[in-house]
Amino acid sequence: MNELECAVAALERDGVIAYATEAVFGVGCDPDSKVAVNKLLGIKQRPVEKGLILIADSLEQLLPYIDMDALTQAQRDAVAASWPGPFTWVMPARATTPDWLTGRFDTLAVRVTDHPQVKALCRAFGKPLVSTSANLTGEAPGRTTDEVITALGDRLDYVLPGEVGGRSNPSQIRDARTGALLRPA
């Protein structure tokens, strides 16, 4: 198996993996697996109430989780114009979206990435991934394969070797309904 196939196999076994994104390494898992998400939350020492981000290869991969009909055409156009790229949008969640993804909210943070390796990973897996920075809560995120292995390697099911994109900061986060900036880039 090649490295990408190993990462997908780990995801299919409810595993938690690390992979390079636009600015830092991410830690992710199958968004439809409560077992995997709970494992990720334990690794990150992150409360489920905070909600999570999904990263995808395309908008189509996100449609099972977000309610595009709850947005105006202008709001949908603003989101579409920013993707693919390092822009995360907080969108209305579908009623069927699990609360282990949304936390205490009726929304879900989502991003269509332009990072080639993450795009390939999401395509090979066939859906988006839960994506959060590869670090323990409160610590600096890993930017290299070696940093991630040192910080989290014994807790992860697989680390997909790769290079982060050229960005120095994590993605900008905006509210799709209001346009409000929730986290600057």
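Our subject is the structure listed above.
What you see is a predicted model; the values in this text were computed from it and never measured.

Chemist: Got a minute to help me understand the packing of helix α1 (residues 3-12) against helix α6 (residues 116-125) in this structure?
Modeler: Helix-helix packing is described using two parameters, namely the angle between the two axes and the distance between the axes. At their nearest, the axes of α1 and α6 sit 10 Å apart, and the two run at 55 degrees to each other. Considering the angle they form, α1 stands oblique to α6. Judged by the twist between their axes, the crossing of α1 over α6 is right-handed. Within the contact between the two elements, α1 uses Leu4, Ala7, Val8, Leu11 and Glu12 and α6 uses Ala120, Leu121, Ala124 and Phe125. Of the residues assigned to the contact of α1 with α6, the class counts are eight nonpolar, no polar and one charged.

Chemist: Any chance you could explain α6 here in plain terms?
Modeler: Turn by turn, an α-helix covers 3.6 residues, leaving residues three or four places apart pointing in a common direction. The set of residues buried in α6 consists of Gln117, Val118, Lys119, Leu121, Cys122 and Phe125. Tucked inside the fold, the buried residues of α6 contact α1, β1 (17-20), β3 (53-56), α3 (59-62) and β6 (129-133). Looking one or two residues beyond α6, the residue adopting positive phi is Gly126, at roughly 90 degrees.

Chemist: Can you help me understand the side chain of His115 in this one?
Modeler: Inspection of the secondary structure assignment puts His115 in the loop between β5 (107-112) and α6. In contact with His115, not counting residues within four places along its chain, are Ala20, Thr21, Glu22, Glu163, Val164 and Gly165.

Chemist: Mind showing me how you'd approach α1 here?
Modeler: If you check which residues of α1 are buried, you get Ala7, Val8, Ala9, Ala10 and Leu11. Close packing links the buried residues of α1 with β1, β2 (25-29), α6, β6 and β7 (158-159). Here α1 starts with a cap whose side-chain oxygen sits 3.0 Å from the backbone nitrogen of Leu4, and that cap is Asn2. Where α1 ends, the next residue or the one after it, Asp14, has phi of about 65 degrees, a positive value.

Chemist: Hey, could you run me through the sheet that holds β7 in this one?
Modeler: With respect to topology, nine strands assemble into an open sheet ordered β7-β1-β2-β6-β3-β5-β4-β8-β9, the strand pairing being mixed. Of all the strands in the sheet, the pair left with one neighbour each is β7 and β9 (181-183).

Chemist: Would you mind showing me how to read the pattern of salt bridges here?
Modeler: Opposite charge on two side chains lets them pair, provided their charged atoms get close. Counted by the stated rule, this structure contains seven salt bridges. Where Asp57 meets Lys119, a salt bridge forms, and the shortest distance between an N and an O atom there is 2.9 Å. Of this pair, Asp57 sits in the loop between β3 and α3 while Lys119 is found in helix α6, placing the two residues 62 residues apart along the sequence. The pair Asp57 / Lys119 is uniform in exposure class, with both members buried. Between Arg123 and Asp57 there is a salt bridge, with its nearest N and O atoms 3.1 Å apart.

Chemist: Sorry if this is basic, but what is going on with the nonpolar core here?
Modeler: Within soluble globular proteins, side chains that are nonpolar tend to cluster in buried spots. In this structure, Met91, Leu101 and Leu156 are the most contacted members of the largest nonpolar core, which totals 37 residues. At the level of secondary structure, the elements contributing two or more residues to this core comprise β1, β2, α2 (34-44), β3, β4 (87-92), α5 (99-102), β5 and α7 (145-152). Among the elements that take part in this core, α2 stands out by supplying five residues, more than any other. Once residues within four sequence positions are removed from consideration, Met91 is found in contact with Ile66, Met68, Leu71, Val79, Asp106, Thr107, Leu108, Val110 and Ala176.

The rules we used
Residues numbered from 1 in each chain as written. Predicted model: local features only at pLDDT ≥ 70, side-chain atom pairs only at ≥ 80, totals over all residues. Heavy atoms only, no water. Axes fitted to C-alpha atoms, helices over the stretch in contact; angles between N-to-C directions. Helix = DSSP H or I, 4+ residues; strand = E, 2+ residues; numbered from the N terminus. Parallel < 35°, antiparallel > 145°, perpendicular 65-115°, else oblique. Left-handed = near helix turned anticlockwise from the far one by under 90°. Contact = heavy atoms within 4.5 Å. Nonpolar A, V, L, I, M, F, W, Y, C, P; charged D, E, K, R; others polar. Buried < 20%, exposed > 50% of the residue type's maximum accessible area, 1.4 Å probe, protein only. Polar contact = N/O pair within 3.5 Å; in protein donor to acceptor, adjacent residues only side chain to side chain. Pairing = 2+ DSSP bridges. Salt bridge = Lys/Arg side-chain N within 4 Å of Asp/Glu carboxyl O. Core = buried A, V, L, I, M, F, W, Y, C linked by side-chain atoms within 4.5 Å.

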